[in-house]
Amino acid sequence: MTPDPLNRLVAQLAKLPGIGEKTAQRLAFHILRAPGEYAAELSQAIREVKEKVHLCTRCFSLTDTELCGFCRDSKRDERTLCVVETFADLMALERTREFKGRYHVLHGVLSPLDGVGPEQLRIKELLERLGDGRVEELILATNPDVEGEATALYLTRLLKPMGLRVSRIAQGLPMGGDLEYADQATLAKALSARREL
Amino acid sequence: MRLLSLQVRDFRNLSQVSLAPSEHATIAVGQNGQGKTNLLEALYLLATLKPLRAGRLSELVRWGTQSARVVGRFLLKGAEREIAVEVGGGVRQAFVDGKKAASLEDYFGGVSVVAFTPDDLEVVKGGPDARRTFLDRAVFNRFPAYLKESREYGRALKNRNRLLRAGPVEPAYLEAYDETLARAGARVYVRRRALMAELGPRARATFEAIGRTPEPAAYGYHPAHLGEVDFATADEATLAGALREALATRTRRDGERGFTSVGPHVDDVTVTLGKRSARAYASQGQQRALVLGWKIAEIENLEAALGFLPLLLLDDVSSELDPERNAYLMNYLSASGAQVFLTTTDGSLVRGAAAEDSLWLGVRAGEVTSAGAVLESSSV
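Residues numbered from 1 in each chain as written. Chains lettered and ligands numbered in written order. Predicted model: local features only at pLDDT ≥ 70, side-chain atom pairs only at ≥ 80, totals over all residues. Heavy atoms only, no water.

**Structural notes on the interface of chain B and chain A**
Bring the parts together and some accessible area is lost; that lost area is often taken as the interface size.
Here comes step 1: Tallying the contact residues gives 23 residues for chain B and 24 residues for chain A.
Here comes step 2: Interface area for chain B against chain A, summed over the two sides, is near 2,100 Å², with a carbon-plus-sulfur share of 58%.
Here comes step 3: Applying the counting criterion to the chain B and chain A interface returns 3 salt bridges.
Here comes step 4: In this structure, Arg157 of chain A engages Glu175 of chain B in a salt bridge whose closest nitrogen and oxygen atoms are separated by 2.7 Å.
Here comes step 5: Put simply, the parts of the chain that give the side of chain B that touches chain A at least two residues each are α5 (146-165) and α6 (171-210) of chain B.
Here comes step 6: In terms of residues, the side of chain B that touches chain A owes the most to one element, α6 of chain B, which gives 10 residues.
Here comes step 7: Its residues placed into classes, the side of chain B that touches chain A shows 8 nonpolar, 2 polar and 13 charged. (Contact = heavy atoms within 4.5 Å. Buried area = accessible area lost by both parts, 1.4 Å probe. Salt bridge = Lys/Arg side-chain N within 4 Å of Asp/Glu carboxyl O. Helix = DSSP H or I, 4+ residues; strand = E, 2+ residues; numbered from the N terminus. Nonpolar A, V, L, I, M, F, W, Y, C, P; charged D, E, K, R; others polar.)

Here is the structure:
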């Protein structure tokens, strides 16, 4: 008979994505045996992430203050706004250290099949935000799949009449000469969108 | 490309089959319902990962067992590769040389197969969806990227239909999906058009040889309801624009019916004999000759494009053709040098495709045996 507290921990861990029953058990034993304050620190970190992290009231990325770091950073160019599906996408763009504008996180894409319409996304908030006239260009960085494409087209329809410059991130081959690993549809698209040098 | 060996376990009614096919013709003889077609179906699944007949994946697993497995060793571009497919629990998994194959496409590049079934022979006479499937199968074979492209179209279509059924939505939302659908649809148009441009003339020429008909055959693909656009020459962007327009003008009607009434998913392949619809006017023999012409054209076209012959699977086609056209097909198969798998209820019908190196199999109640005896009895 395993003690109930251990069973409870295993059950909770096994709910995590990508974690099966056995891995959950291993993690639970690890936590149990870990020296010092590890368990206390872990539980505190878990509690705090829920208590303190919330959505930025302007761009809807994650923050533990009212406005997120990207919105507060005065060195960032407020004239350019990059629209992404998720916070994970924002982090990916940040890793490039190329983009110096601001962000807006939609928290999803338009997907009738999944019952997600414009009102489920942070689109109204995006439009409100543009009301102050500071943003001049929008970069639509939704994924290059059906729903991402449709979302970008929808936003274009709303934003163009407002006199804003709207652009869509390019699609095609990944950098670094991985032609041989690209799938046929990507390659076919890259071929048909080739440009003259 | 050549199949060196084939193993089948618990696939439909086949519990265990292991065979080394002939370099040319492998002929499975048996009565109906014994499992001949299942053998071809296993091969088709191995080469395409798709079932040959419509239905659920679970139906492929032999009754009372957990999973089905098909393994083939292929000689592909000078190298031996083992490809395996397992079906179980409603999913299928492919393995290439024992490693899970992440994408279907890696695999399509190498193995290519053309199947020919009695259902195909009815395709001229039958409904438009059968003709679209027939066409799309040829497009998949010719352009591997089409798999993903047509799926994108399908997804955009489902989304738009759902939106139509949801009742009135703000116009910009529907327009965004119209545009997405139009772009994906334009891709499907140009793929199908490109295939027809290659295949049409070949199919016409083949029909001339077997049709015994003075009127020339024509195979065409002309999207319906696209408006003024000149389909033969328009570029992809123009086609996308035309489809978007067509979608927009039909929004109200589509909304009432709850589905999208224009686009590649409702198009048809037209087959004519001397400008008259073959569907309405051609005899049964002519209709089958028209399909035969198409299939042979598809094989030749693939050979020209790939540099090697695809694997050919013919399921009991001979009994449905008249003797002269059957003889033409058999001679074509034996002259082509292709690796062919044929099933028949009567061995004498496919004699013309056989040679000394042919492998004759007997199929009875899910058991496959090497079958000299079966041949003797059926060739009397």
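Still more ground to cover, so stick around.
**A look at empty space enclosed by the protein**
Residues and elements named next belong to chain B.
Here comes step 1: Applying the stated rule across the entire model yields 4 cavities of 30 Å³ or more.
Here comes step 2: Approximately 150 Å³ is the volume found for the largest cavity.
Here comes step 3: Forming the walls of the largest cavity are 17 residues, and the residues nearest its centre are Tyr44, Thr48, Val113, Arg137 and Asn141.
Here comes step 4: Within the residue set of the lining of the largest cavity, elements represented by two or more residues are α1 (36-48), β8 (113-116), α4 (128-142) and α10 (284-306).
Here comes step 5: The leading source of residues in the lining of the largest cavity is α4, at 5 residues.
Here comes step 6: Its residues assigned to classes, the lining of the largest cavity shows 10 nonpolar, 3 polar and 4 charged. (1 Å grid on protein atoms, 1.4 Å probe; cavity = no way out; pocket = protein on both sides within 12 Å on 5 of 7 lines; lining within 4 Å. Points joined across faces, edges and corners; volume = space filled by probe spheres on them.)

**Regarding the packing of α4 of chain B against α10 of chain B**
All names here are of chain B.
Here comes step 1: One can describe the packing of α4 onto α10 by two numbers: an axis separation of 10 Å at closest approach and a directional angle of 10 degrees. Classified by the angle between their axes, α4 and α10 sit roughly parallel to one another. When α4 is examined against α10, the residues Phe134, Leu135, Ala138, Asn141 and Arg142 are found in contact with a partner set consisting of Val291, Trp294, Lys295, Glu298, Asn301, Leu302 and Ala305.
Here comes step 2: In terms of residue class, the contact of α4 with α10 is built from 7 nonpolar, 2 polar and 3 charged. (Axes fitted to C-alpha atoms, helices over the stretch in contact; angles between N-to-C directions. Parallel < 35°, antiparallel > 145°, perpendicular 65-115°, else oblique.)

**A word on the layout of surface pockets**
Here comes step 1: Roughly 1,400 Å³ of internal volume is contained in the largest pocket.
Here comes step 2: Forming the walls of the largest pocket are 47 residues, and the residues nearest its centre are Pro144, Glu149, Gln171, Gly172 and Lys189 of chain A.
Here comes step 3: Elements supplying a minimum of two residues to the lining of the largest pocket: α5 (87-95), α7 (146-159), β6 (165-168) and α8 (184-192) of chain A together with α5, α6 and α7 (236-249) of chain B.
Here comes step 4: A per-element tally of the lining of the largest pocket places α6 of chain B first, with 6 residues.
Here comes step 5: The residue makeup of the lining of the largest pocket, split by class, is 22 nonpolar, 10 polar and 15 charged.

**Observations concerning the pairing of strand β12 (residues 311-315) of chain B**
Residue and element names in this part refer to chain B.
Here comes step 1: The buried fraction of β12 amounts to 5 of the 5 residues, a majority that puts the element mostly inside the structure.
Here comes step 2: Burial of the side chains of β12 extends over both faces: Leu311, Leu313 and Asp315 are buried on one face and Leu312 and Leu314 on the other.
Here comes step 3: Strand direction decides the pairing type here: β8 and β12, joined by 4 bridges, are parallel. Opposite Val114, over in β12, you have Leu312 as the bridge partner.
Here comes step 4: Crossover β12 to strand β13 (residues 340-344) through helix α11 (residues 323-336) is right-handed. (Buried < 20%, exposed > 50% of the residue type's maximum accessible area, 1.4 Å probe, protein only. Pairing = 2+ DSSP bridges. Right-handed = clockwise from strand over helix to strand, strands pointing away.)

**Some points on a nonpolar patch on the surface**
Here comes step 1: A cluster of nonpolar side chains, namely Val49, Val53 and Leu62 of chain A, defines an oily patch on the protein surface of about 220 Å² accessible area.
Here comes step 2: Position of Val53 of chain A among the secondary structure elements: in the loop between α3 (38-52) and β1 (54-55). (Patch = residues over 30% accessible without salt bridge, like charges linked within 9 Å, V, L, I, M, F, W, Y side chains within 5 Å. Areas by Shrake-Rupley, 256 points an atom, 1.4 Å probe, with all protein chains shown as cover.)

**Focus: the confidence of the model for chain B**
Residues and elements named next belong to chain B.
Here comes step 1: Mean pLDDT over chain B stands at 89; residues scoring 70 or higher make up 95%.
Here comes step 2: This model gives residues 373-380 a pLDDT under 50, and the stretch forms 9 contacts once residues within four places in sequence are excluded.
Here comes step 3: In the predicted assembly, ipTM is 0.73 and pTM is 0.79. (pLDDT = per-residue confidence, 0-100.)

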